[in-house]
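Topology and contacts: notes
Given next are the chains, with one letter for each unit.
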Amino acid sequence: MTQSGAITSKMAENRTFPPPAKFVEQANIKSLDEYRRMYEQSIRQPEEFWGKIAEGFHWFKKWDKVRDWKEPDVKWFVGAKTNVSYNCLDLQIEKGRGNHPAILFEGEPGDVRKITFKELRTEVCKFANVLKKLGVKKGDRVTIYMPMIPELPIAMLACARIGAPHSIIFGGFSATAISDRVGDADSHIIITCDGGWRRGKVVPLKATVDEALEIDRRVKQVVVFKRIGEQAKVTMKAGRDFWWHDLMKEASADCPAEQCDAEDPLFLLYTSGSTGKPKGIKHTTAGYMVYTAFTSKMIFDLKPNDLMWCTADIGWVTGHSYVVYGILQNGVTSLIYEGSPDFPNWERFWTMIEKHKPTVFYTAPTAIRAFMKQGRQLVDKHDLSSLRLLGSVGEPINPEAWMWYHEVVGRKSCPIVDTWWQTETGGILITPLPGITDTKPGSATRPFFGVEPDVVDRSGKTVNVNEGGLLVIRQPWPAMLRTVWGDHDRFKRTYWSDIKGCYFTGDGARRDADGYYWLMGRVDDVLNVSGHRLGTAEVESALVAHEAVAEAAVVGMPHEIKGEGIAAFVTLRKGFTASDELKKALDAHVVKEIGAIARPDQIRFSEALPKTRSGKIMRRLLREIAAGGDVKGDTTTLEDFNVINKLRQDDES
Ligand code: 7RM
């Protein structure tokens, strides 16, 4: 098994942390016996278990059967009709939450907006009618490319209301990335903004969309929300581009929710794999709805007066599930922040916590490490006493970062839920329950209800306690992906063929004597850079698309803040020579092809790439070299690799 360069712990942290008594008293689930009974049932009688959970939702028509499982295809709540936007909005209003804030927004410049559930429904209905008027029909894919402002969830929920799956593209992706996704989803409409604020500068979203539409011309309509105004300098193409506010002026606020089938697609979300272009992960309606609501309630211990701050961008799955769908379904306010954590300075988050008083804070280890580096005095200056629960997601959290989070942000009085999951899983699968689980720094602890993980070897055999292996899931859960858009075969190949009879996660893990899972990073060629997933193959194809590059190999390397950094080994075509300028040009090229998240941390020119006799690039060797510290000189020579090649001729990658 190969292992990419995740942060390894310098600290032997063997303590366990029981949930604080004060937390347990008020927790949604606090009895260990009740938990055990529920978990047992969820695994042995999943249909009874999930059928009971689903009772609390709004259904136009109830299901005929809870689960229909023919590996690798699953259907949940078969025959049911429902609508996710109805469950996020109308149901909450019926329950008396209409005047409670659904969204509390702070823009980077400091502008604040509070939107109640009633107001949110009005905006969603109006925008749903706008979409209808533009000709969007049930099943049509709507691309959304927006910053973190309330109009992003408004656009999502409007799509959900009319049964048009959204495909959200993170605002940091490039024009090429947009055109790839628009093309793959065959999407004919894009919702965007004139721009967004990031570190005091305008991110020119509309201009990037314009560029993308030069590459792929299938998009017929662009709706533009005015976030910035004058400074954004957009050009509107007559007949194609429409201002959001113009369309909304005439829109009716009455839009009955479409009665969607349980298995109608809710959204596509593109994510990186080990080969080829990002794949469109397809999530459907009822299973995703029930799972995200229930995980939110149990894992984040949500109560009516909570304020949830999940710092993930809605462009990633964490934002879909735990900024929007899971949180609103609990009638709870979601705090949304537009900008960067270091603007105007590294105190921004703590200032916001002091001001808005969130009760639950959910962020990524990479952010925690960046805060650690700034020093605890920046945190200590602020009153964070509103916080009662902390969460971590996106990558393994090293015990040092866990302890700092616990002591400095949580003031030793908040449980930490280290939640393991993936774009494909739709919701959290391995996690502590904050009122029940004794936590161990660095472990995501135990499976959630209905989740049956295992750690196996390549042949599918369960490995011994504390032995490393592959993390698989033995039965489907409601929010499981249903397919890869347009490529069911790739779905089968990627998730269901490595290990017979199980969903293969692509992650390595070990299980300790207490049954706790310790995630060890990806075992495939997927990188996790600052909690963002990137395929080495994607970065490689961006590099070889540059005229100077003959061949490229990309591997991960340990990175103090990002968890994993990107190291690129490049051989040049005849007529090109290695130089700092060329490095910069390649850097810029990758950013243009994918986006700033893919910017290499190291580019090393080499006269050849080390290969096995069968011609496979020796990635493990490259990882070792990349991890070896500073680049000495510009060129790693062919001779260097020849020597190593001789030493490790049959080494596999
Ligand atoms: C939610 C998300 C998925 C990959 C996954 C893991 C890694 C995520 C944790 C984690 C260790 C965690 N979706 N990962 N959470 N590793 N501990 N708590 O991140 O599709 O973008 O990435 O992220 O490798 O396979 S994702």
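Here goes a summary of the coordinates provided. All residue numbers refer to position in the chain's written sequence, counted from 1. pLDDT decides what is reported in this predicted model: residues at 70 or higher carry local features, side-chain atom pairs at 80 or more are listed and counted, and totals for whole chains, interfaces and linings draw on all residues regardless. The basis for every side-chain value is the complete set of non-hydrogen atoms in the structure, without hydrogens or water.

Along the protein, the regular secondary structure elements total 21 helices and 31 strands. Atoms counted for the radius of gyration: C-alpha only. Globule rule: 2.2 Å times residue count to the power 0.38. Computed over C-alpha atoms, the radius of gyration of the protein comes to 24 Å, within 12% of the 26 Å expected from 2.2 N^0.38 for 653 residues, which places it in the range of a compact globule. Expressed along its principal axes, the backbone C-alpha trace of the protein runs to roughly 75 × 65 × 55 Å. Going through the 653 residues of the protein one by one, you find that 63% of them count as buried. Numbering of helices and strands starts at the N terminus; helices are DSSP runs of H or I of at least 4 residues and strands are runs of E of at least 2. Summary of the burial criterion: residues with accessible area below 20% of their type's maximum are buried, those above 50% are exposed, and those between are partly exposed, where the area comes from a 1.4 Å probe applied to protein chains only.

Another point: the site of the ligand. The criterion for a residue being near a molecule or strand is simple. One of its heavy atoms has to lie within 4 Å of it. Lining the immediate environment of the ligand, one finds 17 residues, of which Asp418, Thr419, Thr423, Asp507 and Arg522 sit closest. We call two N or O atoms a polar contact when they sit within 3.5 Å, provided that within protein one can donate a hydrogen and the other can accept it, with sequence-adjacent residues counted only if both atoms are side-chain atoms. Gly394 is positioned with one of its backbone polar atoms (N or O) 3.1 Å from a nitrogen atom of the ligand. Asn528 is positioned such that a nitrogen or oxygen atom in its side chain is 3.3 Å from an oxygen atom of the ligand. For the ligand, the protein covers 97% of the area, taking 530 Å² as the surface of the free molecule. Looking at the shell around the ligand, the elements with two or more residues in it are helix 12 (317-328), strand 20 (416-419) and strand 25 (517-522). When the residues that make up the shell around the ligand are grouped by side-chain class, the tally is six nonpolar, six polar and five charged. Accessibility throughout is a Shrake-Rupley quantity obtained with a 1.4 Å probe, and a residue counts as covered only by protein chains that appear here. Under this grouping Gly is polar, as are all residues other than the nonpolar Ala, Val, Leu, Ile, Met, Phe, Trp, Tyr, Cys and Pro and the charged Asp, Glu, Lys and Arg.

Mapped onto the secondary structure, Thr359 falls in the loop between helix 13 (348-356) and strand 18 (360-363). Here Thr359 falls in the buried class, since its relative accessible area comes to 12%. Contact criterion: two residues are considered in contact whenever any of their non-hydrogen atoms come within 4.5 Å of each other. Ignoring sequence-local partners within four residues, the contact set of Thr359 consists of Asp306, Leu307, Ser386, Leu387, Arg388 and Leu389.

Within the secondary structure, Asp241 sits in strand 12 (residues 241-243). Judged by relative accessible area, which is 8%, Asp241 ranks as buried. At 2.8 Å, the side chain of Asp241 forms a polar contact with the side chain of Lys206. Within the local environment of Asp241, its side chain forms a polar contact with the side chain of Arg240, the two groups lying 2.6 Å apart. Once residues lying within four places of it in the same chain are set aside, the contact partners of Asp241 are Lys206, Asp210, Val222, Thr235 and Met236.

Moving on: the packing of aromatic side chains. Geometry of aromatic contacts follows a simple scheme: Phe, Tyr and Trp rings, the Trp one being its six-membered ring, pair when their centres are within 6.5 Å, and the pair is stacked under 30 degrees between planes, edge-to-face over 60, tilted otherwise. Taken as a whole, this structure holds 42 aromatic pairs when the rule is applied. Ring centres of Trp76 and Phe77 lie 6.2 Å apart, and the angle between their planes is 45°; on these two criteria the pair is classed as tilted. Note on Trp496 and Tyr503: the rings are 5.9 Å apart at their centroids and 65° apart in plane angle, and the pair reads as edge-to-face. Summarising the burial analysis for this pair, Trp496 and Tyr503 share the class buried. A network of ring pairs unites the aromatic residues Tyr35, Tyr39, Phe49, Trp50, Tyr291, Phe294, Phe448 and Phe449 as a single cluster.

Attention shifts here to the sheet that holds strand 25. Hydrogen bonding along the main chain pairs the strands of a sheet, whether they run parallel or antiparallel. A strand pair is defined by DSSP finding two or more bridges across the two strands. Strand order in this open sheet of four strands is 21-22-24-25, and the pairing throughout is antiparallel. Both edges of this open sheet fall to strand 21 (453-456) and strand 25, since each of them pairs with a single strand only. Shown here is a sheet whose adjacent strand axes are inclined to one another by a mean of 45°, direction ignored. Pairing analysis gives four bridges linking strand 21 to strand 22 (residues 469-473), with the strands arranged antiparallel. Within the sheet, the bridge partner assigned to Asp454 lies in strand 22 and is Val472. Throughout, an axis means a line fitted to C-alpha atoms (over the contacting stretch in the case of helices), and angles, computed between N-to-C directions, take values from 0 to 180 degrees.

Here helix 18 (residues 536-544) crosses helix 19 (residues 580-593) at 120°, and the two axes come no closer than 9 Å. Here helix 19 runs oblique to helix 18, going by the angle between their axes. For the pair helix 18 and helix 19, the sense of crossing is right-handed. Contacts between helix 18 and helix 19 involve Val539, Ala542 and Leu543 from the former and Leu586, His589, Val590 and Glu593 from the latter. When the residues that make up the contact of helix 18 with helix 19 are grouped by side-chain class, the tally is five nonpolar, one polar and one charged. For classification, angles of less than 35 degrees are called roughly parallel, those exceeding 145 degrees roughly antiparallel, those between 65 and 115 degrees roughly perpendicular, and all remaining angles oblique. Crossings are assigned a handedness: left-handed for a near helix turned anticlockwise from the far helix by less than a right angle, right-handed for a clockwise turn.

Turning next to the pairing of strand 15 (residues 279-284). Within strand 15, six of the six residues are buried, which leaves it mostly tucked inside the rest of the structure. Neither face of strand 15 is exposed, since Lys279, Ile281 and His283 on one face and Gly280, Lys282 and Thr284 on the opposite face are all buried. Across six bridges, strand 14 (residues 265-271) lies against strand 15 in antiparallel orientation. If you follow Thr271 over to strand 15, its bridge partner there is Lys279.

So, on to the sheet that holds strand 19 (residues 389-393). Read from one edge of the open sheet, seven strands run 5-4-17-16-18-19-20, paired in mixed fashion. Across the chains shown, the open sheet's two edge strands, defined by having one partner strand only, are strand 5 (112-116) and strand 20. For this sheet, the mean angle separating the axes of adjacent strands, direction not counted, is 20°. Sheet analysis places strand 4 (residues 101-106) next to strand 5, joined by five bridges and oriented antiparallel. Each residue of the ladder has a partner; that of Leu104, found in strand 5, is Lys114.

Right, let's get into the pattern of salt bridges. Take a side-chain nitrogen of Lys or Arg and a carboxyl oxygen of Asp or Glu: if they are within 4 Å of each other, that pair is a salt bridge. Summed over all chains, the structure comprises 44 salt bridges. Here Asp454 ties to Arg511 by a salt bridge, and the two come within 2.9 Å at their closest N and O atoms. Separated by 57 residues along the polypeptide, Asp454 in strand 21 and Arg511 in strand 24 (residues 503-511) bring together distant segments of the chain. Given a relative accessible area of 6%, Asp454 falls into the buried group. Among the residues examined, Arg511 registers a relative accessible area of 22% and is labelled partly exposed. A salt bridge links Asp525 to Arg619, with the shortest nitrogen-to-oxygen separation between them at 3.9 Å.

Attention now moves to the nonpolar core. The biggest cluster of nonpolar side chains holds 162 residues, and the ones touching the most others in it are Trp50, Phe77, Phe127, Ile191, Phe300, Tyr325 and Phe449. Beyond its immediate chain neighbours, meaning those up to four positions away, Phe300 contacts Thr295, Met308, Tyr322, Val360, Tyr362, Arg388, Leu389, Val417 and Ile428. The set of buried Ala, Val, Leu, Ile, Met, Phe, Trp, Tyr and Cys residues whose side-chain atoms join them within 4.5 Å is what this entry labels a nonpolar core. Phe17, Trp309, Tyr405 and Cys414 belong to the second largest nonpolar core, which has 28 residues in total.

The next point concerns the packing of helix 6 (residues 117-133) against helix 7 (residues 151-162). Pairs of packed helices are described in terms of their axes, by the angle between the two and the distance that separates them. As a packed pair, helix 6 and helix 7 sit with axes 8 Å apart at the nearest point and diverge in direction by 65°. At the point where helix 6 passes helix 7, the crossing takes the right-handed sense. Mapping the contact onto sequence places Leu120, Arg121, Glu123, Val124, Cys125, Phe127, Ala128, Leu131 and Lys132 in helix 6 and Ile154, Ala155, Leu157, Ala158, Cys159, Arg161 and Ile162 in helix 7. Taken together, the residues that form the contact of helix 6 with helix 7 break down as twelve nonpolar, no polar and four charged.

Two cysteine sulfur atoms make up a disulfide if the distance between them is within 2.5 Å. Taken as a whole and assessed by the stated rule, the structure comprises zero disulfides. Looking at the unpaired Cys88, the closest cysteine sulfur is the one in Cys260, lying at 12 Å. Not part of a disulfide, Cys193 finds its nearest cysteine sulfur in Cys159, a span of 14 Å.

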